[in-house]
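Residues per chain, in single letters:
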Amino acid sequence: MEDFMLITRPRGTEDILPENISGWYLLEATARELSYLYGYREIRTPIFEHTEIFNRGVGDTTDIVEKEMYTFKDRGGRELTLRPEGTASVVRAFLEHRMDAQGLPVKLFYLGPMFRYGRPQAGRLRQFHQFGVEAFGSMDPGLDAEVIALAMNFYRALGLEDLELHLNSVGCPECRAKYREELKGYLEPYLKELCNTCQGRFERNPLRIFDCKSSVCQEIVAKAPTVVLSLCEDCSDHFKRVQGYLETLGIDFILDEHLVRGLDYYTKTAFEIMVKGIGAQSSIGGGGRYDGLVENLGGKSVPGIGFGLGLERVLLTLQAQGKDLPQINKIEVMVVTVGADLNKEAVRLLANLRAAGFKADKDYLERSLKAQMKYANRCKARIALILGEEEFKRGKVLVRDLETGSQEEVPLEEVVDFCRQKKESGW
RNA sequence: GUGGGUGUAGCUCAGUUGGUCAGAGCACCAGGUUGUGGCCCUGGGGGCCGUGGGUUCGAGUCCCAUCAUCCACCCCA
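For clarity, every value in this text was computed on a predicted model and none was experimentally measured. (Residues numbered from 1 in each chain as written. Chains lettered and ligands numbered in written order. Predicted model: local features only at pLDDT ≥ 70, side-chain atom pairs only at ≥ 80, totals over all residues. Heavy atoms only, no water.)

1. As for the overall build of chain A
The secondary structure content of chain A amounts to 16 helices and 16 strands. Here the C-alpha radius of gyration of chain A, 28 Å, is well above what a compact globule of 427 residues would show, namely 22 Å. Expressed as lengths along the three principal axes of its C-alpha atoms, the size of chain A is roughly 95 × 55 × 45 Å. Taking contacts inside chain A between residues at least 6 apart in sequence as the whole, the part at least 24 apart equals 68%. If you sum the accessible surface of chain A, you get close to 22,200 Å²; carbon and sulfur atoms cover 50% of it. Separation between the mean location of the 57 positive side-chain charges and that of the 64 negative ones in chain A comes to 3 Å. (Helix = DSSP H or I, 4+ residues; strand = E, 2+ residues; numbered from the N terminus. Rg over C-alpha atoms; globule rule 2.2 N^0.38 Å. Contact = heavy atoms within 4.5 Å. Areas by Shrake-Rupley, 256 points an atom, 1.4 Å probe, with all protein chains shown as cover. Lys, Arg positive; Asp, Glu negative; His and termini not counted. Charge placed at Lys NZ, Arg CZ, Asp CG, Glu CD.)

This is the structure we're talking about:
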């Protein structure tokens, strides 16, 4: 192993440093609060699963499965994969624990790291984090709307602006198969004009040609028949009712007939939330219905719907839109000593402050008063409690307000209360 | 997997056609103020100039490779 590897993080991973942690606390807290508000309960599944779960769940013709998974054998020879997304694992857990036996629907949410191997760029990492929800057991289009509303409210709670909700229906296996043939029929005459990748997609997954960014393909596909027109009655009705519920909830959406999600399991409702300003990546979340997935993974036929959204991209968007995040790592009170050895007193006072709920600290480098004050300033402390020889002999402590610069003597035994009062009255 | 840009101090970056080129600002530490932070002044510690080869009397500078990083394609969150 090269030396540099010892202190270099693996490509496409990030250290989240103390100065950047506030945003994560905010996202995680918002996700949890909102989920519970909507009746979703948290589930934590392993970070790796049997590879087969993803092959079967996500679909083995998808890019994710074909070339983006971290797959390895453990010492017992098991084929394992670091999860590239959340849904397959949650469905597996749903089945393994017979969660349907407790009555449907089952509404779950998760928060955690996902892994996909690809060239890193703005908004794309090999280890990234998602917040997602999954709801099992109901075909009600109202549930589709609820899931979408939850996602949109997450962004709104954080103050994000200029989001676009793209909505489509990819139909059920029956009408999709029918549509697939229709689309192929339309594309056939243009086959040679399509870009190389799309020529390959023609047989395997012609719907994905809609996603192609080549202008030639876009032009051809622009006049292609759309999924929506070939939806069966059930799917078409479902789609209309989802839209009706969204309108009821006051959620704007853009009908996007070209929206095709990259995971194979979606049926009927598919959606994606787009935003500008975070580089070439514009999708900060997406999801849809997956009525066949549970059965596919060996369970009974239980419908499901969910979303997954990328927390790094949400953070990038917050930054791009100039939202500042609350600082949670400020020290409130710094205990400072000067003169004779008052360290024991300082330690005692510090303990009392902390017991009273103050974020408090002291110097441990035997630094000068000046250096200690500087440190207090750097820690953004509001108050410096200065223990000086002379005051201490009289049983007093100097309380210095580092923001206003005012300073007064307070009896040692009253100083914690004094700080509390200052804090309660807004310092 | 493909393409392009960039790697010099903890950070942001200067460094002229190869010849004091080891630099600045910020940050850090100390002093000015022998008991008081922020502003100011003075000083200090810190660099295998990403790594390995090559060209040359001489390479931070040119060439090759490699790694890392950023951006884009691809794909998606």
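What follows picks up the thread again.
2. Describing the confidence of the model for chain A
For chain A, the mean per-residue pLDDT works out to 90, and 97% of the residues sit at or above 70. When the elements of chain A are averaged for pLDDT, helix 1 (residues 3–6) gives the smallest value, 58, and strand 1 (residues 41–42) the largest, 98. (pLDDT = per-residue confidence, 0-100.)

3. Some points on the domain arrangement of chain A
Taken domain by domain, chain A comprises domain 1 (3–172 + 232–320) and domain 2 (333–424). Relative placement of domain 1 and domain 2: their C-alpha centres are 48 Å apart. (Domains from an automatic or database assignment.)

4. Some words on the pairing of strand 14 (residues 383–388)
In summary, the side chains of a regular strand alternate between the two faces of the sheet. The buried count for strand 14 comes to 6 of 6 residues, which makes it a mostly enclosed element. Burial along strand 14 is two-sided: Ile383, Leu385 and Leu387 and Ala384, Ile386 and Gly388, pointing in opposite directions, are all buried. Direction of pairing for strand 12 (residues 333–338) relative to strand 14: parallel, over a ladder of 6 bridges. In the sheet register, Val338 faces strand 14, and the bridge partner there is Gly388. Here 4 bridges tie strand 14 to strand 15 (residues 396–401), and the two strands are oriented antiparallel to one another. Following the sheet pairing, Ile386 is matched in strand 15 by Leu398. (Buried < 20%, exposed > 50% of the residue type's maximum accessible area, 1.4 Å probe, protein only. Pairing = 2+ DSSP bridges.)

5. Describing unusual backbone geometry
With an omega of -5 degrees, the peptide bond between Leu104 and Pro105 qualifies as cis. Among the structural elements, Pro105 can be located in the loop between helix 5 (87–96) and strand 5 (106–115). One non-glycine residue, Asp162, lies in positive phi territory at about 60 degrees. Locating Asp162 in the fold gives a position in the loop between helix 6 (141–157) and strand 7 (164–169). Here the phi dihedral of Glu366 falls at roughly 50 degrees; this positive angle occurs in a residue that is not glycine.

6. A closer look at the pairing of strand 9 (residues 267–274)
Summarising burial for strand 9: 7 of the 8 residues are buried, a large majority. Looking at chain direction, strand 7 and strand 9 are connected through 6 bridges and run antiparallel. Across the sheet, Leu165 pairs through a bridge with Ile273, a residue of strand 9. Where strand 9 and strand 10 (residues 283–289) come together, 6 bridges link them in antiparallel fashion. Bridging across to strand 10, Ala270 finds its partner in Gly288.

7. Quick word on the nonpolar core
Among the nonpolar cores identified, the biggest contains 61 residues, and Phe131, Phe154, Tyr155, Phe307, Leu309 and Val314 are the most heavily contacted of them. The element best represented in this core is helix 6, accounting for 10 residues. Those residues within four positions of Phe131 in sequence are excluded, and the remaining contacts are Ala31, Ser35, Phe109, Tyr110, Leu111, Phe154, Phe307, Gly308, Leu309 and Leu311. Residues Ile53, Val170, Tyr290 and Val294 belong to the second largest nonpolar core, which totals 31 residues. (Core = buried A, V, L, I, M, F, W, Y, C linked by side-chain atoms within 4.5 Å.)

8. Comments concerning helix 12 (residues 311–320)
The buried fraction of helix 12 is high, at 7 of 10 residues. All of the buried residues in helix 12 are Leu311, Glu312, Arg313, Val314, Leu315, Thr317 and Leu318. Contacts made by the buried residues of helix 12 are with helix 2 (21–37), strand 5, strand 6 (127–136), helix 6, strand 10 and strand 11 (304–310). Gly322 sits one or two positions beyond helix 12 and adopts a positive phi of about 70 degrees.

9. With respect to the sheet that holds strand 4 (residues 79–82)
Reading across the sheet, the 3 strands line up as 2-4-3 and stay open at both edges, with antiparallel pairing between neighbours. Edge strands, defined here as strands with exactly one partner in the open sheet, are strand 2 (48–50) and strand 3 (70–73). Averaged over neighbouring strand pairs, the angle between their axes works out to 35 degrees when direction is ignored. Two elements, strand 3 and strand 4, share 4 bridges in a ladder whose sense is antiparallel. Residue pairing in the sheet places Tyr70 in a bridge with Leu82 of strand 4. (Axes fitted to C-alpha atoms, helices over the stretch in contact; angles between N-to-C directions.)

10. Describing the packing of aromatic side chains
One pass over the structure, following the stated rule, counts 12 aromatic pairs. Ring geometry for Phe136 versus Tyr290: centroids 6.2 Å apart, planes at 70 degrees, classification edge-to-face. With Phe136 in strand 6 and Tyr290 in the loop between strand 10 and helix 11 (293–296), this residue pair connects regions lying 154 residues apart in the sequence. For the pair shown, Phe136 and Tyr290 are each scored as buried. Between the aromatic rings of Tyr186 and Tyr190, the centroid separation amounts to 5.4 Å while the plane-to-plane angle is 45 degrees, which identifies the pairing as tilted. Under the relative-accessibility criterion, Tyr186 is labelled buried at 18%. We classify Tyr190 as partly exposed; its relative accessible area is 29%. (Phe/Tyr/Trp six-rings, centres within 6.5 Å; stacked < 30°, edge-to-face > 60°.)

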